[in-house]
Amino acid sequence: MRSLEEKLGVNKYYVNEGHAHIEIDSSAGDMLEKKKLINACPAGLYTLQEDGSLAFDYAGCLECGTCRILCGDTIVKKWRYPDNTKGVEFRQG
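Residues numbered from 1 in each chain as written. Predicted model: local features only at pLDDT ≥ 70, side-chain atom pairs only at ≥ 80, totals over all residues. Heavy atoms only, no water.

A. How the structure looks around the overall build of the protein chain. Counting its secondary structure elements, the protein chain contains three helices and six strands. Counting from the amino terminus, the protein chain carries its helices and strands in the arrangement α-β-β-α-β-β-α-β-β. Relative to the globule expectation of 12 Å for 93 residues, the C-alpha radius of gyration of the protein chain, 14 Å, shows essentially globular dimensions. For the protein chain, the spread of C-alpha atoms along the three principal axes comes to 40 × 35 × 25 Å. Across the 93 residues in the protein chain, those meeting the buried criterion constitute 34%. In the protein chain, the share of contacts with a sequence separation of at least 24, taken over all contacts with a separation of at least 6, comes to 67%. Total accessible area computed for the protein chain in this model is approximately 6100 Å², and 49% of it derives from carbon and sulfur atoms. Seen as two clouds, the 12 positive and the 14 negative side-chain charges of the protein chain have centres 5 Å apart. (Helix = DSSP H or I, 4+ residues; strand = E, 2+ residues; numbered from the N terminus. Rg over C-alpha atoms; globule rule 2.2 N^0.38 Å. Buried < 20%, exposed > 50% of the residue type's maximum accessible area, 1.4 Å probe, protein only. Contact = heavy atoms within 4.5 Å. Areas by Shrake-Rupley, 256 points an atom, 1.4 Å probe, with all protein chains shown as cover. Lys, Arg positive; Asp, Glu negative; His and termini not counted. Charge placed at Lys NZ, Arg CZ, Asp CG, Glu CD.)

Structure below.
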């Protein structure tokens, strides 16, 4: 059986550089809110920094909306699908 990383690795990502489709307030929210994102993001795009802020890399986003549902009123300031022809292209490998 292939690992999650291997399965995600076959997807193609068309990143709209400089125009993130998700924006977060990295210093907002308490630790519980931050841990929700760290633990729930299926692509593992949220990481806790040493200073307690949250880092996020939208380039590998699966566009599932989990972060919007969990923290759309606290940490996630903006969530929308990427512009035309951008975003994830799911592939089976």
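B. Representation of the nonpolar core in the model. Of all hydrophobic cores here, the largest spans 16 residues; its most connected members are Ile22, Ile24, Leu37, Tyr46, Phe56, Cys67 and Val76. For this core, the secondary structure elements donating two or more residues are β2 (22-24), β4 (54-56), α3 (66-71) and β5 (76-79). When sequence neighbours within four positions are dropped, the list of residues in contact with Phe56 reads Ile22, Ile24, Leu45 and Tyr46. (Core = buried A, V, L, I, M, F, W, Y, C linked by side-chain atoms within 4.5 Å.)

C. Highlighting the pattern of salt bridges. With the rule as written, the count across this model stands at four salt bridges. For the salt bridge of Lys36 with Glu33, the shortest nitrogen-to-oxygen distance reads 2.7 Å. Taken together, the residues span about one helical turn, with Lys36 and Glu33 both in helix α2 (residues 31-40) at a distance of three residues. Of the residues examined, Lys36 reaches a relative accessible area of 30% and is grouped as partly exposed. When the shortest N-O distance is used, the salt bridge between Arg80 and Asp83 registers 3.0 Å. Assessed through its relative accessible area of 31%, Arg80 is described here as partly exposed. On the accessibility criterion, Asp83 (35% relative accessible area) is partly exposed. (Salt bridge = Lys/Arg side-chain N within 4 Å of Asp/Glu carboxyl O.)

D. Region of interest: the environment of Val15. Examined against the element boundaries, Val15 turns out to sit in the loop between β1 (12-14) and β2. Taking relative accessible area as the criterion, Val15 reaches 24% and is therefore assigned partly exposed. Expressed as a C-alpha distance, the spacing of Val15 and Tyr58, which sit 43 residues apart in the sequence, is 8.3 Å. In this structure Val15 touches Tyr58, Ala59 and Lys86, once residues within four positions along its chain are discounted.

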